[in-house]
Amino acid sequence: MKLRNLILSTALLSGAAANAAELNIEFQNLTQGIYFTPILVAAHPAESSLFETGESASDELQMMAEGGDISGLANIIAGVNGNAAEVQAELTAPGMSRSFALSTDANNTVLSLTSMLLPTNDAFVGLDNWTIPTEAGTYTLYLNAYDAGTEANDEIRGSGAPGQAGMPVPPPLEALVGTGGSGVTAEETNTTVHIHRGNVGDSMNDGGISDINSSVQRWLNPIAKLTVTVQ
Amino acid sequence: MTNLKLTHYKKQLLPLSALFMLSACGSDNNDTTEVPPAEDPAPVISSYEITVTNLSHAQPLSPVAVVLHSTGQFWTIGESASEELEYLAEGGDNSFILGHSMVESGESGAAPIAPGASETISISIEDNDMPLLSVITMLVNTNDAFTGLNAHNLAELAPGDSWSTTAHVYDSGTEKNSEASGTIPGPVDGGTGFDALRDDVDFVSMHPGIVATEDGLTSSVLNKVHAFDNPVAKISVSRTE
């Protein structure tokens, strides 16, 4: 009986070990002119998620999508005993890559990622509950840009605070974003999380409808490449 | 059409003439002692057919460069484009890519591929059954957009196997996307192709898409009919030998 118990517990342990994983994650910004705010990369139980397309954004997602503040989403991850990779404070510039190491616990079987796009009102790049493969290897994923649906895409300078209009313009963007735009729109008809329609922009640095440069600060999906190595 | 027939005819002709030469050789040697020739193993040929389909609405693709190689890649996102790539991405000129030192076997498409059209290009390589395949072509109604396949490993493609993928649009980052008259080599403008000046970000990225007059770029020679999205091309590979 004791021996049988021992065998049983060993089997359980090895089963658990098969689900925990050591991941190396490389994120690459594929765009020519879009910056990404600090990236939240986390493994968590499949029952939880950071965002759901076709549903209204949570307050925490809104904070991230409108202002780049991932503290709310990080709290959600902590609350479900998820594993978040160490957050790197810098923006990820066009063409640049960023590497993350992540050790996952057995229950955290899916991987998610969020980061706000600049300059935008509430666009973010997202990965929603990707099942972490149990087989060692290198996996390549292409990520799309989503609209949180929480703010009108007026494309003019403003606030990164949740619920306040306009785009946050942190220092590296200061010189790249125009001024004096009249605003592309004051409405957001789809208030659920959806695929972003892209920036409109204009070709005027001063004035016009938008403070976004239409020739550079646009994108087509996918906008990021994620290379996940399962060790 | 004429070219196709000629190629086909040549292929049939070659083995016949080779056979004739062998038998002629044999009769010359009739009165001498047969010396077995040194065993020089016949080269193993791997042959592929690459089909490129243009999925865009109004972006002809420049004559495709199809390349087999063993090392390297023809572009890296976030890094500066080579001059060979700049020639292709700005002007549709594939000769510099085909002349690149990495190329072990290279073929050019016969002509631009119109929207909705396809072209199949045959390519072979000797004594290398695990080559890398690169395919590169310009979206000619743009400043410097290109698409293709970058160093895709064919090692697992056995004779008779096929594989296909779709391709994203990239921006070589070597010419500003001004869309201005005189800067676009395709039929919409007939402007300048390659220009050594690099007045853009100087790294390769995914293409942001065109703006066009409808979105307020009044100086653009492009209309929304020239817009594209990802993917812009389908690339199919069949290994025939």
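Refer to the preceding data block for the structure.
Below: a short report on this structure. (Residues numbered from 1 in each chain as written. Chains lettered and ligands numbered in written order. Predicted model: local features only at pLDDT ≥ 70, side-chain atom pairs only at ≥ 80, totals over all residues. Heavy atoms only, no water.)

## Brief notes about the pairing of strand S6 (residues 110-118) of chain A
Residues in a regular strand project their side chains so that they alternate between the two faces of the sheet.
Residue and element names in this part refer to chain A.
Then comes step 1: Burial runs high along S6: nine of the nine residues are buried.
Then comes step 2: With five bridges joining them, strand S3 (residues 40-44) and S6 adopt antiparallel strand pairing. Paired with Ala42 across the strands is Ser112, a residue of S6.
Then comes step 3: Across six bridges, the pairing between S6 and strand S7 (residues 123-131) is antiparallel. (Buried < 20%, exposed > 50% of the residue type's maximum accessible area, 1.4 Å probe, protein only. Helix = DSSP H or I, 4+ residues; strand = E, 2+ residues; numbered from the N terminus. Pairing = 2+ DSSP bridges.)

## Examining the side chain of B:Asn94
Residues and elements named next belong to chain B.
Then comes step 1: By secondary structure assignment, the location of Asn94 is in the loop between helix H2 (83-91) and helix H3 (95-98).
Then comes step 2: Of the polar contacts made by the side chain of Asn94, one reaches the backbone oxygen of Pro63; its length is 3.0 Å.
Then comes step 3: Of note is the side chain of Asn94, whose polar atom sits 3.0 Å from the side chain of Ser108.
Then comes step 4: If sequence neighbours within four positions are ignored, Asn94 has contacts with Pro63, Val64, Ala65, Leu88 and Ser108. (Polar contact = N/O pair within 3.5 Å; in protein donor to acceptor, adjacent residues only side chain to side chain. Contact = heavy atoms within 4.5 Å.)

## Things to note about helix H2 (residues 59-67) of chain A
Residue and element names in this part refer to chain A.
Then comes step 1: Taken together, the buried positions of H2 are Leu61, Gln62, Met64, Ala65 and Glu66.
Then comes step 2: Buried-residue contacts for H2 involve helix H3 (71-79), S6 and S7.
Then comes step 3: Downstream of H2 by a residue or two, Gly68 has a phi angle that is positive, lying close to 80°.

## Concerning unusual backbone geometry
Then comes step 1: Here the residue pair A:Leu118 and A:Pro119 is connected by a cis peptide bond, since its omega of 0° sits within 30 degrees of zero.
Then comes step 2: Take A:Pro119: it is sitting in the loop between S6 and S7.
Then comes step 3: Residue B:Pro231 is bonded to the preceding B:Asn230 through a cis peptide linkage, with omega at -5°.
Then comes step 4: Within the element layout of this structure, B:Pro231 appears in the loop between strand S9 (205-206) and strand S10 (233-239).
Then comes step 5: Phi is positive for B:Ala151, which is not a glycine, with a value near 55°.
Then comes step 6: Secondary-structure assignment places B:Ala151 in strand S6 (residues 145-153).
Then comes step 7: Phi is positive for B:Glu179, which is not a glycine, with a value near 60°.
Then comes step 8: Looking at the secondary structure, you find B:Glu179 in the loop between strand S8 (169-171) and S9.
Then comes step 9: Judged by relative accessible area, B:Glu179 falls into the buried class, the value being 2%.

## Remarks on the interface of chain B and chain A
Then comes step 1: Taken together, the contact between chain B and chain A spans 23 residues of the former and 18 residues of the latter.
Then comes step 2: Together chain B and chain A conceal approximately 1600 Å² of surface at their shared face, both sides included; 54% is due to carbon and sulfur atoms.
Then comes step 3: Here chain B is connected to chain A by one salt bridge.
Then comes step 4: For the salt bridge of A:Arg218 with B:Asp215, the shortest nitrogen-to-oxygen distance reads 2.7 Å.
Then comes step 5: Among the residues making up the side of chain B that touches chain A, the classes are represented as nine nonpolar, nine polar and five charged. (Buried area = accessible area lost by both parts, 1.4 Å probe. Salt bridge = Lys/Arg side-chain N within 4 Å of Asp/Glu carboxyl O. Nonpolar A, V, L, I, M, F, W, Y, C, P; charged D, E, K, R; others polar.)

## Quick notes on the sheet that holds S6(B)
Residues and elements named next belong to chain B.
Then comes step 1: The antiparallel open sheet is built from six strands, whose spatial order is S3-S2-S5-S6-S8-S9. Lying at the two open borders of the sheet, with one neighbouring strand each, are strand S3 (105-108) and S9.
Then comes step 2: Here strand S2 (residues 65-69) pairs with S3 via four bridges, running antiparallel. Its bridge partner lying in S3, Leu68 is registered against Ser105.

## Looking at the pairing of strand S10 (residues 224-230) of chain A
Residue and element names in this part refer to chain A.
Then comes step 1: With five of seven residues buried, S10 lies mostly within the body of the structure.
Then comes step 2: As paired strands, strand S1 (residues 21-29) and S10 are joined by seven bridges and run antiparallel to one another. Of the residues in S10, the one forming a bridge with Glu26 is Thr227.
Then comes step 3: Examined bridge by bridge, strand S8 (residues 137-147) and S10 share seven bridges and lie antiparallel to one another. Residue pairing in the sheet places Gly137 in a bridge with Val230 of S10.

## Side note on the environment of B:Ser82
Residues and elements named next belong to chain B.
Then comes step 1: Tracing the sequence through the fold places Ser82 in the loop between S2 and H2.
Then comes step 2: For Ser82 and Val204, which are 122 residues apart along the polypeptide, the C-alpha to C-alpha distance reads 9.7 Å.
Then comes step 3: Within polar-contact distance, the side chain of Ser82 engages the backbone nitrogen of Leu85 at 3.0 Å.

## Thoughts on the packing of aromatic side chains
Then comes step 1: For the structure shown, the criterion picks out 10 aromatic pairs over all chains.
Then comes step 2: Considering the side-chain rings of B:Trp75 and B:Tyr170, the 5.1 Å spacing of their centres and the 55° angle between planes classify their relative orientation as tilted. With a gap of 95 residues between them, B:Trp75 in the loop between S2 and H2 and B:Tyr170 in strand S8 connect regions that are remote in the sequence. No difference in accessibility class separates B:Trp75 from B:Tyr170, as the two residues are buried.
Then comes step 3: Ring-pair connections join several aromatic residues into one group, and the members of that group are A:Phe51, A:Phe124 and A:Tyr146. (Phe/Tyr/Trp six-rings, centres within 6.5 Å; stacked < 30°, edge-to-face > 60°.)

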